[in-house]
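# Descriptive structure summary
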Amino acid sequence: MDPTTAHQGIAGVYQVLSDLGGLAAGILALIAGLLAYAGGLRQARATRKAADAQIAAMREQIEQSKRMAKEAEHGRREDLRFALGLEAARIGEFVGHRYRIIPVEYGPGKLETIARSACETFKIEKPPILHESPGATALLEKDVIAAAVFLDERIDEVNSLLAVEGALGRLPAVALMTAFEHVTDAAQRLRAAAINGAEASPAAQDDPSRGLAWLRPGTNRRPVAVGERVAL
């Protein structure tokens, strides 16, 4: 073999080896790229899974906060309803007691008008719950709010009579008894709405004869205190 042929053979072998090396490098680069891509996919899936878990945890936290807020709101609503029911019962007992006193001191053969010195005794303290409880009107049902406002108005009616007509010494006993009857009706209405959730009963109609009946001999009509049973 002459030197030229040998040189050409060696060059050819070198070229083949170079080509094989380039092919191998390309294959290795492709494999490395595939491995990197697979690693990226795994990392992306892991990142997405972690993000989904975090989002789910945040949603659960929000839902739990909503449940807790709803439970707290329900508890406060029940507390307000119970407190209003107690106030209605207290006012009913107060009015019932004062109402029974009037026929003893006033009536036929006695004083016809409430004594000025007695006006303070008959005044009624208004329940402060709705006025001193922020957000109470947003929590309570409309019928409860309406019943509480109605009781406030009836109490104002009594106190106004005492403050004006009573202070002037010209408040008839029958007028005060009628106003007390309206308060009793309103207190029973509020108690029904607050404690039992019952529909508020219709407002009592003005009927002065109801009070006048107490001043007639042989009668025993009076407002029934809240929670008191009536003997049939």
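Note: the structure precedes this text.
This text gives an overview of the structure that appears in the document. (Residues numbered from 1 in each chain as written. Predicted model: local features only at pLDDT ≥ 70, side-chain atom pairs only at ≥ 80, totals over all residues. Heavy atoms only, no water.)

## Examining the overall build of the protein chain
Along the backbone of the protein chain there are 7 helices and 0 strands. Its helices and strands in sequence order give the protein chain the pattern α-α-α-α-α-α-α, from N to C terminus. Residues counted as buried form 29% of the 232 residues belonging to the protein chain. In the protein chain, of all internal contacts separated by at least 6 residues, the share reaching a separation of at least 24 is 80%. About 14800 Å² of surface is accessible on the protein chain, with carbon and sulfur atoms providing 60% of the total. (Helix = DSSP H or I, 4+ residues; strand = E, 2+ residues; numbered from the N terminus. Buried < 20%, exposed > 50% of the residue type's maximum accessible area, 1.4 Å probe, protein only. Contact = heavy atoms within 4.5 Å. Areas by Shrake-Rupley, 256 points an atom, 1.4 Å probe, with all protein chains shown as cover.)

## Some thoughts on the nonpolar core
Of all hydrophobic cores here, the largest spans 39 residues; its most connected members are I114, I124, L176, F180 and L190. Looking at this core, the elements that each hand over two or more residues are α1 (3-105), α2 (119-122), α4 (136-139), α5 (142-166) and α6 (173-196). Aside from chain neighbours lying at most four places away, what touches L176 is I102, I114, F122, V158, L162 and L171. (Core = buried A, V, L, I, M, F, W, Y, C linked by side-chain atoms within 4.5 Å.)

## A word on the pattern of salt bridges
One pass over the full model with this rule turns up 8 salt bridges. With a shortest N-O distance of 3.4 Å, E120 and K123 are connected by a salt bridge. On the basis of relative accessible area, K123 is assigned to the partly exposed category, the value being 32%. Here the salt bridges share partners, and the residues they tie into one network are E153, R154 and E157. (Salt bridge = Lys/Arg side-chain N within 4 Å of Asp/Glu carboxyl O.)

## Quick word on the packing of aromatic side chains
Summed over the entire model, instances satisfying the criterion amount to 1 aromatic pair. Here F122 and F180 contribute two aromatic rings whose centre-to-centre distance is 6.1 Å and whose plane-to-plane angle is 50 degrees, an arrangement assigned as tilted. Note that F122 is positioned in helix α2 and F180 in helix α6, a separation of 58 residues in sequence. As far as burial versus exposure is concerned, F122 and F180 are alike and both buried. (Phe/Tyr/Trp six-rings, centres within 6.5 Å; stacked < 30°, edge-to-face > 60°.)

## Points about the side chain of E181
On the secondary structure map, E181 appears in helix α6. Under the relative-accessibility criterion, E181 is labelled buried at 4%. Of note is the side chain of E181, whose polar atom sits 2.4 Å from the side chain of Y99. (Polar contact = N/O pair within 3.5 Å; in protein donor to acceptor, adjacent residues only side chain to side chain.)

## Some words on the environment of D152
You can see D152 is positioned in helix α5. On the accessibility criterion, D152 (10% relative accessible area) is buried. Between the C-alpha atom of D152 and that of V183, which follows or precedes it by 31 residues, the distance is 8.7 Å. Not counting the four nearest positions on each side in its chain, D152 is found in contact with K126, P127 and H131.

## As for a nonpolar patch on the surface
Taken together, L23, I27, L28, I31 and L35 make up a surface patch of nonpolar side chains, about 500 Å² in accessible area. Relative to the assigned elements, I27 resides in helix α1. (Patch = residues over 30% accessible without salt bridge, like charges linked within 9 Å, V, L, I, M, F, W, Y side chains within 5 Å.)

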